[in-house]
Amino acid sequence: MVKVTVIEEFNAPAEQIWDIVGGFNSLSVWHPAVDKSELQEGGAIRKLILQNGDEAFEELVNHSDELREYSYSIVKSSLPIVEYFSTLKIFARGTGSQVEWSGEFNSFGVPDDEASELIKGIYQAGLDNLKSIVNP
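These numbers were taken from a predicted model, which means no experiment stands behind them. The written sequence of each chain sets the order in which its residues are numbered from 1. For this predicted model, a pLDDT threshold of at least 70 governs which residues receive local features, and a threshold of 80 or more governs which side-chain atom pairs are given and counted, while totals over whole chains, interfaces and linings are taken from all residues. Processing note: side-chain calculations cover all non-hydrogen atoms of the structure and skip hydrogens and water entirely.

Colleague: Talk me through the pattern of salt bridges; I want residue IDs and the actual numbers.
Modeller: Any Lys or Arg side-chain nitrogen found within 4 Å of a carboxyl oxygen on Asp or Glu counts as a salt bridge. In the structure shown here, the tally under the stated rule is 5 salt bridges. Among the ionic pairs, Arg68 bridges to Glu15, the shortest N-O distance being 3.5 Å. One end of the pair, Arg68, is in the loop between strand E4 (55-64) and strand E5 (69-76); the other, Glu15, is in helix H1 (residues 14-21), with 53 residues separating them in the sequence. A 1.4 Å probe rolled over the protein chains alone gives each residue an accessible area, and that area as a share of the maximum for its type sets the label: buried under 20%, exposed over 50%, partly exposed in between. For Arg68, a relative accessible area of 18% gives the class buried. According to the relative accessible area criterion, Glu15 is partly exposed, its value standing at 45%. With its nearest N and O atoms 3.5 Å apart, the salt bridge here joins Lys47 to Glu55. The numbering of helices and of strands both runs from the N terminus, where a helix is a DSSP run of H or I of at least 4 residues and a strand a run of E of at least 2.

Quick look at the structure:
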């Protein structure tokens, strides 16, 4: 299994960050690669339409407003990975917050380090854009 974690500090309260990222259908609001997100199957599956036209389907595994975290798995995507499981967590840090986005998966058709860098880049792009939204 390949494991990737990206952690970023924010100068905004955890509640503010969670209000933006906490909805399973909110990825299109804060991630620059996602053009549109649609909930399916009663909200358990999100269909992502990416900026490049690709589609991905992700399944919600766990969601906790109290803990400010959710976990999901990829059901179908064009990424060179399989058995993907990810968790997005927001922690209070004084008057600010910390966002941790982690995932584990097996690479498929590419070396592990290439798949790792790809996923790390996806996480980092999302968190960088979130920072620009929270701290314009």
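Once you've had a look at it, read on.
Colleague: I'd like a rundown of the pairing of strand E2 (residues 34-40), residues and numbers included.
Modeller: Strand pairing is assigned whenever DSSP identifies at least 2 bridges connecting the two strands. Direction of pairing for E2 relative to strand E3 (residues 45-50): antiparallel, over a ladder of 6 bridges. Residue Leu39 lies in a different strand from E3, and its bridge partner there is Arg46.

Colleague: Let's hear about the nonpolar core: which residues, and what values?
Modeller: Take the buried Ala, Val, Leu, Ile, Met, Phe, Trp, Tyr and Cys residues and link them wherever side-chain atoms come within 4.5 Å; each set so joined is a nonpolar core. Counting 32 residues, the largest nonpolar core has Ile17, Val21, Trp30, Tyr84, Trp101 and Leu130 as the members making the most contacts within it. Counting residues per element, the ones that place at least two in this core are strand E1 (2-10), H1, helix H2 (27-30), E5, strand E6 (81-93), strand E7 (96-107) and helix H3 (112-134). Here the element with the most residues in this core is H3; it accounts for 6 residues.

It is worth stressing that arrangement in space is one thing and function is another; only the former is reported here.
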